[in-house]
Amino acid sequence: KEDLKPWIQINFKNVYKLEKIKIKQQFTTTSMFKDISLQFSDGTQFDYELKNHSNWIDILLPNSVASIFLNITGKSGYGGNLNENNGFDDIEVFGCDAGSQ
């Protein structure tokens, strides 16, 4: 069976300079991501291993990224293959409007 690659995309109203992303995973062994990929509209991509599973995970971007969207794709999960039950309880994105600088 082919593994699913669950993803979510957050579209912004304008281009934003993104600095930090906070993620809170669902806390069950069959719904937690182990590795994710973050993609942005400028073509930038970062891969992260999610080591903290019961609290907020802070992801500081190495350089502020200017983007009109954030796409998060699950690469692997705990408890076996990725499935339709993988997900997040909450996602927060921090930055500022790129046109305001």
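Here, residues in each chain are numbered from 1, in the same order as that chain's written sequence. pLDDT decides what is reported in this predicted model: residues at 70 or higher carry local features, side-chain atom pairs at 80 or more are listed and counted, and totals for whole chains, interfaces and linings draw on all residues regardless. The basis for every side-chain value is the complete set of non-hydrogen atoms in the structure, without hydrogens or water.

**Comments concerning the overall build of the protein**
Here is step 1 of the chain: Only runs of H or I of at least four residues qualify as helices and only runs of E of at least two qualify as strands under DSSP, and these elements are numbered from the N terminus. Looking only at helices and strands, the protein has zero helices and five strands in total.
Here is step 2 of the chain: Reading the protein from its N terminus to its C terminus gives the helix and strand order β-β-β-β-β.
Here is step 3 of the chain: Only protein chains enter the accessibility calculation, which uses a 1.4 Å probe. A residue is then buried if its area is under 20% of the maximum for its type, exposed if over 50%, and partly exposed in between. A buried classification covers 35% of the 101 residues belonging to the protein.
Here is step 4 of the chain: Here the analysis covers contacts within the protein between residues at least 6 apart in sequence; of these, 78% occur between residues at least 24 apart.
Here is step 5 of the chain: Accessible surface area values rest on a Shrake-Rupley calculation with a 1.4 Å probe, where residue burial reflects the displayed protein chains alone. Surface exposure of the protein reaches about 6000 Å², of which carbon and sulfur atoms provide 47%. Only heavy atoms enter the contact rule, under which two residues are in contact if any of them lie within 4.5 Å.

**Some thoughts on the packing of aromatic side chains**
Here is step 1 of the chain: Classification of ring pairs rests on two measures: the distance between centres of Phe, Tyr or Trp rings, Trp counted by its six-membered ring, which must be within 6.5 Å, and the angle between planes, read as stacked under 30 degrees, edge-to-face over 60 and tilted in between. For the coordinates displayed, the defined rule picks out four aromatic pairs.
Here is step 2 of the chain: Measuring from centroid to centroid gives 5.1 Å for F33 and F88, while their planes differ by 35°, and the two rings are tilted. One end of the pair, F33, is in strand β2 (residues 33–40); the other, F88, is in strand β5 (residues 88–97), with 55 residues separating them in the sequence. Here the two residues F33 and F88 agree in accessibility, since each one is buried.
Here is step 3 of the chain: Ring centres of F40 and F46 lie 6.0 Å apart, and the angle between their planes is 70°; this geometry places the pair in the edge-to-face category.

**Remarks on the sheet that holds strand β3 (residues 45–49)**
Here is step 1 of the chain: Taken together, the five strands give an open sheet; going across it, the order is β3-β2-β4-β1-β5, and neighbouring strands pair in antiparallel fashion. Edge positions in the sheet fall to β3 and β5, since each has one partner strand and no second. Going from strand to strand, the sheet's axes swing by 30° on average, the running direction of each strand aside. Here, any two strands with at least 2 DSSP bridges between them count as paired. Simply put, an axis is a line fit to the C-alpha atoms, just over the touching stretch for a helix, and the angle between two N-to-C directions goes from 0 to 180 degrees.

**Quick word on the side chain of Q39**
Here is step 1 of the chain: By the element assignment, Q39 lies in strand β2.
Here is step 2 of the chain: At 2.5 Å, the side chain of Q39 forms a polar contact with the side chain of S37.
Here is step 3 of the chain: Contact partners of Q39, with chain neighbours within four places excluded, come to T44, Q45, F69, L70, N71 and T73. Counted as a polar contact is a pair of N or O atoms within 3.5 Å, where, for protein atoms, one must be capable of donating a hydrogen and the other of accepting one, and residues adjacent in sequence contribute only when both atoms are in side chains.

**Some thoughts on the pairing of strand β4 (residues 57–77)**
Here is step 1 of the chain: Sheet analysis places strand β1 (residues 7–25) next to β4, joined by 12 bridges and oriented antiparallel. Along β4, the bridge assignment pairs I23 with I57.
Here is step 2 of the chain: Alignment of β2 against β4, held across seven bridges, turns out to be antiparallel. Its bridge partner lying in β4, S37 is registered against T73.

**Things to note about the side chain of T73**
Here is step 1 of the chain: By the element assignment, T73 lies in strand β4.
Here is step 2 of the chain: Looking at T73, the relative accessible area reads 17%, which means it is buried.
Here is step 3 of the chain: Within polar-contact distance, the side chain of T73 engages the side chain of N71 at 2.8 Å.
Here is step 4 of the chain: Beyond its immediate sequence surroundings of up to four residues, T73 is in contact with K5, P6, W7, D35, I36, S37 and Q39.

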